[in-house]
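Architecture and fold: a report
The residues making up each chain are set out below.
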Amino acid sequence: MSTTSRPALPTPDHFRKWLRDSIASVETTPSALSIAADLSKNTASRFLNSGGSLTLQTASAFERELLARAQVKGITLPPAFADEKA
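Anyway, here's the lowdown on the structure attached to this text. (Residues numbered from 1 in each chain as written. Predicted model: local features only at pLDDT ≥ 70, side-chain atom pairs only at ≥ 80, totals over all residues. Heavy atoms only, no water.)

**What about the nonpolar core?**
How we decide: By nonpolar core we mean a set of buried residues, namely Ala, Val, Leu, Ile, Met, Phe, Trp, Tyr and Cys, connected to one another through side-chain atoms within 4.5 Å. In this scheme, a residue with accessible area under 20% of its type's maximum is buried, one over 50% is exposed, and one in between is partly exposed, where area comes from a 1.4 Å probe on protein chains only. Secondary structure follows DSSP: runs of H or I at least 4 residues long count as helices, runs of E at least 2 residues long count as strands, and numbering of each begins at the N terminus. The contact definition used throughout considers only heavy atoms, calling two residues in contact when any of these lie within 4.5 Å.
Counting 18 residues, the largest nonpolar core has Phe15, Trp18, Leu19, Phe62 and Leu66 as its most contacted members. Elements with a contribution of two residues or more to this core: α1 (12-25), α3 (43-50) and α4 (56-73). The element contributing the most residues to this core is α4, with 5 residues. In this view, Leu19 contacts Leu33, Phe47, Leu48, Phe62 and Leu66; residues no more than four positions away in its chain are not counted.

Spelled out as structure tokens, the structure:
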């Protein structure tokens, strides 16, 4: 099975940039996003400021919530899980 046509999972740094840009695009805050995603209110802030990593489950929760907010606002966010080389 070829994996060349599939987008790659992002690195933590790539996802961190996407998360920061997306939070700004939907005009929310890291803590409001975390609460809406049913996570600890500091989860997004810790990730954005620490240089650490997230579980795939947490990253997916952020992506789902941000995409839902973007849809309500009538905007399109770039894919979170896009191939970084593209």
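Next comes the rest of the write-up.
**A closer look at the packing of aromatic side chains**
Selection rule: Stacked, tilted and edge-to-face are the three classes assigned to paired rings of Phe, Tyr and Trp, where Trp is represented by its six-membered ring and a pair needs centres within 6.5 Å; plane angles under 30 degrees give stacked, over 60 edge-to-face, the rest tilted. Whether a charge lies above a ring is judged from NZ of Lys or CZ of Arg, which has to be within 6 Å of the ring centre and within 35 degrees of the ring normal.
Per the stated rule, a full pass over the model turns up 2 aromatic pairs. Judged by centre distance (6.1 Å) and plane angle (50°), the ring pair of Phe15 and Phe47 falls under tilted. On the criterion of sequence distance, the pair formed by Phe15 in helix α1 and Phe47 in helix α3 is long-range, its members being 32 residues apart. One exposure class covers both Phe15 and Phe47, and it is buried. Site record: aromatic cluster; members linked through ring pairs are Phe15, Trp18 and Phe47. Its end group placed over the ring of Phe47, Arg16 keeps NZ or CZ at 4.3 Å from the ring centre.

**Side note on the environment of Arg16**
Tracing the backbone through its elements, the reader meets Arg16 in helix α1. We classify Arg16 as buried; its relative accessible area is 7%. Other than its neighbours up to four places away in sequence, Arg16 contacts Phe47, Leu48, Gly51 and Gly52.

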